[in-house]
Amino acid sequence: MTKSNKGPFLPGIASPDDLRGMSLPQLEQLAVEIRDVLCNLIACRSAHFASNLGVVELCLALHQTFDFRKDRLIWDTGHQIYPHKLITGRYDEFQSIRTKGGLMGYPNPVESEYDLFMTGHAGASVSTALGLASGDDLLRKEEGRHSVAVIGDGAFPSGVVFEALNNARRQGEKLLVVLNDNRMSICPRVGGVADYLDRLRMNPVYDGSKDVVAKLLNRVPLLGDPAERFLVQIKEAAKAGISGGMMFEDLGFRYVGPIDGHNIGLLRKYLKLSQNIDQPVLLHVVTEKGHGFQPAAEDPVTFHAPPQFERREEEVVAMKKSSSRAYTHVASEAILERMKADERVTVLTAAMCQGNKLDAVREQIPERFFDTGICESHAVAFAAGQAKAGVRPIVDIYSTFLQRAYDHIFQEVALQNLPVTFMLDRGGLAGPDGPTHHGVFDFGYLRVFPNMTIMAPGDALDLPAMLDFALQHDGPCAIRYPKATAVEIARDVAPVEHGRSEVLDWGEDGCLIACGALLHRCVEAAQQLKHEGLHVGVINARFLKPLDAETILRAVRECPFVVTVEEAALAGGFGSAVLEAAADEKLDTSRVIRLGIPDAFIEHGERDELLADLGMSVEGIVKTCREAAAAERPAVGS
Ligand SMILES: Cc1ncc(C[n+]2csc(CCOP(=O)(O)OP(=O)(O)O)c2C)c(N)n1
Ligand SMILES: CC(=O)[C@@H](O)[C@H](O)COP(=O)(O)O
Ligand SMILES: [Mg+2]
């Protein structure tokens, strides 16, 4: 490595090996360069930002202290993976991140041996790191591999984390959990764990000893002699007793910290220290979300995943604000209105107040707004308790994150037949977030439960009406809608009736049946087909369950072909339900064609790109109908 401290260093970092010989000043210069790359990325497109700014020093210290070709490193959730990607051989392609065919915005084992799990959902890192430690202990004991999980304070309260902490006592000798405490989830963190961490950070006694320990540590060379290291460990243990961290100590962890998560030297010393402790270690590091770019540090909520923006030095000069109204706006406004109209109605979010656009509810009706933190399982069971007590809870959780609560949807809600309303935002392809965030399994995972009513608005006019239906229905309801601009289809809107679809047009040449917000594409396709002399009808299914068998099977019987369209997995989805119903009536299903998500995980990319690849652009739908019609026309001369 060059002797100068000026850099640039980042372009020359082909792997973490290149960090080994770097001095502290050089590492600090490298950190500046990494932050610059992060800022330049957001000048091109929206991406995760403040979280990545906050872990730059931690990432460098980790990769300098451990060899993660041998040791194990799991970044919880994975949205803060950008610095890690930049120093593990992906600097040259970094600008492609979150674009179709480019790097993923989360860890991706296909890209690098330094990425062990493709993640995007919070909370599993301690479990997987413990599992890796256990596996290595069984198969590679002689190598003494370390297993490190880096988890944020927002992810930390997730139930699965405590399941892992509970299990670690018995088998976590080589487990290090780095708790990255920046006081933020996406919004400010909530709950008792947050209060506990605040106390740990604020403890005056500990602050005093921190300096003492830090001074002592600074005297301890990286490989200080055992006696001094032993002294440091004694101090750590004493400090833990004085300064707290006892919750972790009582669970069998050595609690170390809190330490400054932006001080590379101190991080290295404590990481090194943790390597020599033969029990699970919880290293509590304190960082600033957005560190190094003042506007992000001042407003880490906006800058969690900000829109593209121009900057001049430390100033944002122009941020691209989306003017379009999304289904999320329609939903959150409808929720607010219904909560104002009915005091029984509550809304629950699992740390996604910003994503669900529930800020107005939080401000105007705080007593009926519940942010559980990243605790979806608890949120659903909690809502069931509210419903049992006579409340009408709305569980506003992204489709993909709701998967976390599956057993409670089954046991606490469906089995009890309780009036819980699930609002599944991001129902469908989530775009650049990719396979961890596409909400495409909800039709399948909900339809199997008895008592469930499942609705998918065909447009923005349907959504509030469906919410009204759900709030008066005495049983569980789910309403799913995509991460997309809300569309209104001009028509004489039929009222929402349980299990009834809405026929927009009957056509003698075929029928398109949409279940969900791709309805407007079907309307457009039918209009194009009409110009070609094909009169293809359009039905707005509205209900996945109960299915409007009467109307839909009439189409199967009478139309030359039926094409079902859904932004959901075909397996167990709407088209499957149609086939099942038709088969039960002994109808010919050979002329039912299903468009939807095949049996594959769909990569990241813009939603329209991905839908087009799956034949669900308007052109794709026209093409399917055209081919179906041709197949139905008798061959010339026959
Ligand atoms: C199961 C699950 N629920 C919700 C989310 C949405 N989400 C992504 S990051 C985040 C906040 C994470 O906070 P923290 O772990 O403290 O990381 P930080 O951004 O502060 O670095 C949330 C709620 C998720 N990814 N997974
Ligand atoms: C990391 C994570 O899970 C969230 O930041 C998610 O990316 C938010 O998605 P939206 O941007 O669609 O709200
Ligand atoms: Mg945090």
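Residues numbered from 1 in each chain as written. Chains lettered and ligands numbered in written order. Predicted model: local features only at pLDDT ≥ 70, side-chain atom pairs only at ≥ 80, totals over all residues.

Right, let's talk about the sheet that holds strand 12 (residues 453-455) for a bit. Read across the sheet, 7 strands follow the order 9-8-10-11-13-12-17 without closing on themselves; strand pairing throughout is mixed. Both edges of this open sheet fall to strand 9 (369-371) and strand 17 (543-545), since each of them pairs with a single strand only. Each adjacent strand pair in this sheet contributes to an overall mean axis angle of 20°, direction not counted. Pairing analysis gives 3 bridges linking strand 10 (residues 392-396) to strand 11 (residues 421-424), with the strands arranged parallel. Bridge pairing in strand 11 links Asp 396 to Met 423. (Pairing = 2+ DSSP bridges. Helix = DSSP H or I, 4+ residues; strand = E, 2+ residues; numbered from the N terminus. Axes fitted to C-alpha atoms, helices over the stretch in contact; angles between N-to-C directions.)

The mixed open sheet is built from 5 strands, whose spatial order is 14-16-15-18-19. Each edge of the open sheet is held by one strand with a lone partner, namely strand 14 (502-505) and strand 19 (592-597). Going from strand to strand, the sheet's axes swing by 20° on average, the running direction of each strand aside. The pairing of strand 14 with strand 16 (residues 536-540) spans 3 bridges and is antiparallel.

Close contacts around ligand 1 come from 26 residues, with Ser 51, Gly 152, Gly 154, Ala 155 and Ala 351 the closest. Partitioning the shell around ligand 1 into residue classes produces 9 nonpolar, 13 polar and 4 charged. Looking at which domains feed residues into the shell around ligand 1, each of domain 1 (66-292) and domain 2 (327-480) gives three or more. (Near = placed C-beta within 6 Å. Nonpolar A, V, L, I, M, F, W, Y, C, P; charged D, E, K, R; others polar. Domains from an automatic or database assignment.)

Next up on the list: the domain arrangement of the chain. As far as domains go, the chain holds domain 1 (66-292), domain 2 (327-480) and domain 3 (502-632). Contact with domain 1, which involves 4 residues of that partner, is made by 5 residues of domain 3. The residue makeup of the side of domain 1 that touches domain 3, split by class, is 1 nonpolar, 1 polar and 2 charged. (Contact = placed C-beta atoms within 7 Å.)

So, on to the site of ligand 2. Taken together, Thr 77, His 79, Gly 120, Ala 305, Gly 355, Arg 426, Ala 430, Asp 433 and Lys 483 make up the full set of residues adjacent to ligand 2. By residue class, the composition of the shell around ligand 2 is 2 nonpolar, 4 polar and 3 charged.

As a further point, take the environment of Gln 279. Locating Gln 279 in the fold gives a position in the loop between helix 11 (264-275) and strand 5 (281-286). C-alpha of Gln 279 to C-alpha of Ala 351: the two residues are 72 residues apart in sequence and 32 Å apart in space. If near-sequence neighbours (up to four positions away) are discounted, Gln 279 is found in contact with Glu 173, Gly 252 and Arg 254.

Below, the discussion takes up the UniProt feature "binding site: Mg(2+)" (unreviewed entry) in the chain. Sites flagged by UniProt as "binding site: Mg(2+)" (unreviewed entry) map to Asp 153 and Asn 182. The greatest C-alpha distance among the residues just named is 6.9 Å, despite their covering 30 residues of sequence, which places them together in space. Along the chain, Asp 153 turns up in the loop between strand 2 (147-152) and helix 6 (159-171). Excluding anything up to four places from it in sequence, Asn 182 contacts Gly 54, Asp 153, Thr 287, Glu 288 and Lys 289. (UniProt positions renumbered as here; feature names shortened; annotations may be inferred.)

Interaxial distance between helix 20 (residues 519-531) and helix 24 (residues 618-632) falls to 9 Å at its minimum, and their mutual angle equals 55°. Taken together, the axes of helix 20 and helix 24 are oblique relative to one another. The handedness of the crossing between helix 20 and helix 24 is right-handed. Residue-level contacts link Arg 521, Cys 522, Glu 524, Ala 525, Gln 528 and Leu 529 of helix 20 to Val 618, Ile 621, Val 622 and Cys 625 of helix 24. Taken together, the residues of the contact of helix 20 with helix 24 break down into 7 nonpolar, 1 polar and 2 charged. (Parallel < 35°, antiparallel > 145°, perpendicular 65-115°, else oblique. Left-handed = near helix turned anticlockwise from the far one by under 90°.)

We now examine the nonpolar core. Of all hydrophobic cores here, the largest spans 185 residues; its most connected members are Val 395, Leu 463, Ile 479, Leu 512, Cys 522 and Cys 625. Sequence-distant contacts of Cys 625, defined by excluding residues within four places in its chain, comprise Gly 510, Leu 512, Ala 525, Leu 529, Leu 534, Val 536 and Val 563. (Core = buried A, V, L, I, M, F, W, Y, C linked by C-beta atoms within 7 Å. Buried ≥ 20, exposed ≤ 12 C-beta atoms within 10 Å, placed from the backbone.)

Along the chain, Gly 54 falls in helix 2 (residues 50-54). A C-alpha to C-alpha distance of 53 Å links Gly 54 and Glu 627, two positions 573 residues apart in sequence. If we skip the residues at most four places from it in the chain, Gly 54 touches Asn 182, Thr 287, Glu 288, Lys 289, Gly 290 and His 291.

Let's shift gears to the packing of helix 3 (residues 56-65) against helix 11. It is at 9 Å that the axes of helix 3 and helix 11 come closest, and there the two elements cross at 45°. Classed by the angle they form, the pair helix 3 and helix 11 counts as oblique. As for the relative orientation of helix 3 and helix 11, their crossing is right-handed in sense. Side by side, helix 3 and helix 11 meet where Glu 57, Leu 58, Leu 60, Ala 61, Leu 62, Gln 64 and Thr 65 of the first sit next to Ile 264, Leu 267, Arg 268, Leu 271 and Lys 272 of the second. Taken together, the residues that form the contact of helix 3 with helix 11 break down as 7 nonpolar, 2 polar and 3 charged.

Moving on, we get to the pairing of strand 1 (residues 72-75). Neither face of strand 1 is exposed, since Arg 72 and Ile 74 on one face and Leu 73 and Trp 75 on the opposite face are all buried. Two elements, strand 1 and strand 2, share 4 bridges in a ladder whose sense is parallel. Each residue of the ladder has a partner; that of Ile 74, found in strand 2, is Ala 149.

Per the UniProt annotation, the sites labelled "binding site: thiamine diphosphate" (unreviewed entry) are His 79, Gly 120, His 121, Ala 122, Gly 154, Ala 155, Asn 182, Phe 293 and Glu 376. With a sequence span of 298 residues, these residues are also far apart in the fold, their greatest C-alpha distance being 31.8 Å. When you line up the elements, Phe 293 lands in the loop between strand 5 and helix 12 (294-298). Residue Phe 293 is classed as buried on the basis of its C-beta count, with 21 C-beta atoms lying within 10 Å. When near neighbours in sequence (up to four residues on either side) are disregarded, Phe 293 contacts Arg 35, Cys 39, Leu 53 and Glu 314. Beyond its immediate chain neighbours, meaning those up to four positions away, Glu 376 contacts Ala 350, Ile 397, Phe 401, Leu 402, Arg 404 and Ala 405.

For the rest of this paragraph, the subject is the confidence of the model for the chain. Considering every residue of the chain, the mean pLDDT works out to 93; 92% of them sit at 70 or more. Taken as a whole, residues 204-211 scores under 50 in pLDDT and shows 8 contacts with residues more than four places along the chain or in a different chain. Here the predicted complex scores 0.94 on pTM and 0.99 on ipTM. (pLDDT = per-residue confidence, 0-100.)

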